[in-house]
Amino acid sequence: MMLQVEVEQAQPLPLSGAFRCDSGELLALVGPSGAGKTSMLRVLAGLMRPQHGRVQVGDEVWCDTARGVFVPPQRRHVGLVFQHYALMPHLSALDNVSLPLLHLPPAERRQQARRWLAHVRLSDAQQERRPAALSGGEQQRVAVARALAREPRVLLLDEPFSAVDQMNRQGLYRLLADLRRDLSIPIVLVTHDLHEAAMLANWLVVMDAGQVLQQGPPAAIHRAPRNARVADLVGIQNRFQGRWVGPSGQDGWGLLQWQADGTHTATLPLLTVRDKRRIDVGQDVHWVLTSDALTLLERPPGAPDEFAAVVTEARPLGEITLLALELEALPGTVLRLTLSGPQRLHIEPGRTLTVRLDLGLVHVMPVRGR
Amino acid sequence: MDWQALILSLQLAGVTLLVLLPPGLWLGRWLARTRFAGKSLVEALVVLPLVLPPTVLGYYLLVSLGGASPLGRWAAQALDLQLSFNFLGLVVASVIFNVPFIVQPVQRAFEAIPRELTEAAAVSGLGFWQTWRRGELPLAWPGILSAMVLTFVHTMGEFGVVLMVGGSIPGETKTIAISIYDRVQAFDFAAADRMALLLLSLSLAAVTVSFFASARLATRR
């Protein structure tokens, strides 16, 4: 069963984009707050009617503005987990989960609700409690159980982990991974947490200001963001400026001049990187490197892809250390990487080290019209 | 003690509440949910009976409901009904001057229900009446209860409007508040005392019970 969405709207708020999500897949809508992620979810649930758009699940058309079709939320069979859960405060967990089961006789209704609550691992005693007497993580589970009790054709989750502490979050990640495997329906997750999105989703849809900017598998977007905005939105820290010099003479490779903000010294490093023949000679570019492409060496540079750099920051964070290094050849240009293992123990601010860049992983993006 | 007046007041309060509750719930909920251009004007009209002197309100009601008014003439001819100086006239007046007492608390109660909750009900497949019964009504209940109590107690005690529209006809329009005034005019302070105290205790008890019930409902959340 495939979920297919197309939205094109200018008023009352701009929203446009198209994506699809197949059964058993988990699609993450990511972007800053106000990017339109939740609006997109509301369109799917039928809580918002887009100006122009089409929503189809399997062979059921839920919304088609061109043909005047709009199925109300009551007839969509969507499981929606709201950001703040939206549990009825005057009802017990059990009664909340019974709400989507009102079509059943009372005895069967309670039995099914209990089954769903047990599925999300809520004890019998917890099932009788009102939401206020449950922890954030438990309320979250009740909200998931209520969404599942609807026997949804699509499961939608709006920032489901935002109000849950780290420990409960791990449990919910596992729950979601299990659901994805067991339910075999399309799951759409809204989140602003990129690690979460990369960990849980197999398809990322990056949104900003109501527009879908890019979509694809998380690793592909990290490796090759379409533009600087996407690179920023998906949290790529090593983004630099440069100028495209042209083909290097070697087939499939080109030359990239590394530039710092506004400075044009004579000794700008020249990098040999992959040439996808998308960029004109002399054009200003942004380029990115994932931290996988950076290696720290404790010896002087000895190759064209090795650069001397001074450690400006070393911030230990539990099991990992966040490092910032300033390039000697380009003052003001900072490389960021995380380090784990024994190497991090003797790296201190002020030390000069060598950074090796895996130039095969450099991704170059044109600077758009300015 | 003027028992006839007390019973009349209780009847008036009961009938007023019965007539006013359904449209009051609808109007309060509608004002809580809807945004439109003239909303402030509608809200002002709702509050107007609260800020007008009862004699002014009573005067306009008398003028518009009396036998000489178009409405009064029409009611008399078409329906064979008299709209002033009788119980029916009191009910009509009482419904109008109680509009703010029912609509305002109801509106606040519905405004306090997060939109997410009704949306969650819709996504769970609940239709309008199911959402109303399982969600909105229980959630708004403390506000609805206090609106009902306020309306009832306020009707029991209203004086100015009742006197203007109903006069003081025993068994027809002479309510307990007017009976108290009547007794004071006759220097029968003992009777006035008893009735005033009764009204005071009744009002205090009703409002206390409604506050207590609301507080209990609130802590149960």
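Residues numbered from 1 in each chain as written. Chains lettered and ligands numbered in written order. Predicted model: local features only at pLDDT ≥ 70, side-chain atom pairs only at ≥ 80, totals over all residues.

A. Representation of the packing of helix 1 (residues 3-33) of chain B against helix 5 (residues 87-97) of chain B in the model. Residues and elements named next belong to chain B. Direction vectors running N to C along helix 1 and helix 5 enclose 55°, while the axes themselves pass 9 Å from each other. Relative to helix 5, helix 1 is oriented oblique. The handedness of the crossing between helix 1 and helix 5 is right-handed. Between helix 1 and helix 5, the contacting residues are Leu12, Val15, Thr16, Val19 and Leu20 on the first element and Leu90, Val91, Ser94 and Val95 on the second. (Axes fitted to C-alpha atoms, helices over the stretch in contact; angles between N-to-C directions. Helix = DSSP H or I, 4+ residues; strand = E, 2+ residues; numbered from the N terminus. Parallel < 35°, antiparallel > 145°, perpendicular 65-115°, else oblique. Left-handed = near helix turned anticlockwise from the far one by under 90°. Contact = placed C-beta atoms within 7 Å.)

B. Molecular detail of the sheet that holds strand 13 (residues 253-259) of chain A. All names here are of chain A. Strands sit in the order 14-13-12-15-21 across an open sheet of 5 strands; the sheet is antiparallel. One side of each edge strand has no neighbouring strand; the edge strands of this open sheet are strand 14 (270-274) and strand 21 (363-366). If you compare each strand with its neighbour and ignore which way they point, the axes differ by 45° on average. Bridge count for strand 13 against strand 14 is 5 bridges, and the pairing is antiparallel. Its bridge partner being in strand 14, Trp253 is matched across the sheet by Arg274. (Pairing = 2+ DSSP bridges.)

C. Looking closely at unusual backbone geometry. Residue and element names in this part refer to chain A. Residues Gln11 and Pro12 are joined by a peptide bond in cis, for which omega reads -5°. Structurally, Pro12 can be placed in the loop between strand 1 (2-9) and strand 2 (15-22). Its identity as a non-glycine residue notwithstanding, Arg121 has a phi of 60°, on the positive side. Within the secondary structure, Arg121 sits in the loop between helix 3 (106-119) and helix 4 (124-127).

D. Geometry of helix 3 (residues 54-65) of chain B. Residues and elements named next belong to chain B. Counted at 1.5 Å a residue, the expected span for helix 3 with its 12 residues is 16 Å, and the 16 Å between its end C-alpha atoms agrees. Inspection of helix 3 places Leu57, Gly58, Leu61, Leu62 and Leu65 among the buried residues, and these make up the whole buried set. Burial along helix 3 is one-sided: seen end-on, the buried residues are contained in an arc of 135°. At its buried positions, helix 3 is contacted by helix 2 (39-51), helix 4 (70-79), helix 5 and helix 9 (160-166). (Expected span 1.5 Å × (residues − 1). Buried ≥ 20, exposed ≤ 12 C-beta atoms within 10 Å, placed from the backbone. Arc of directions from axis to C-beta.)

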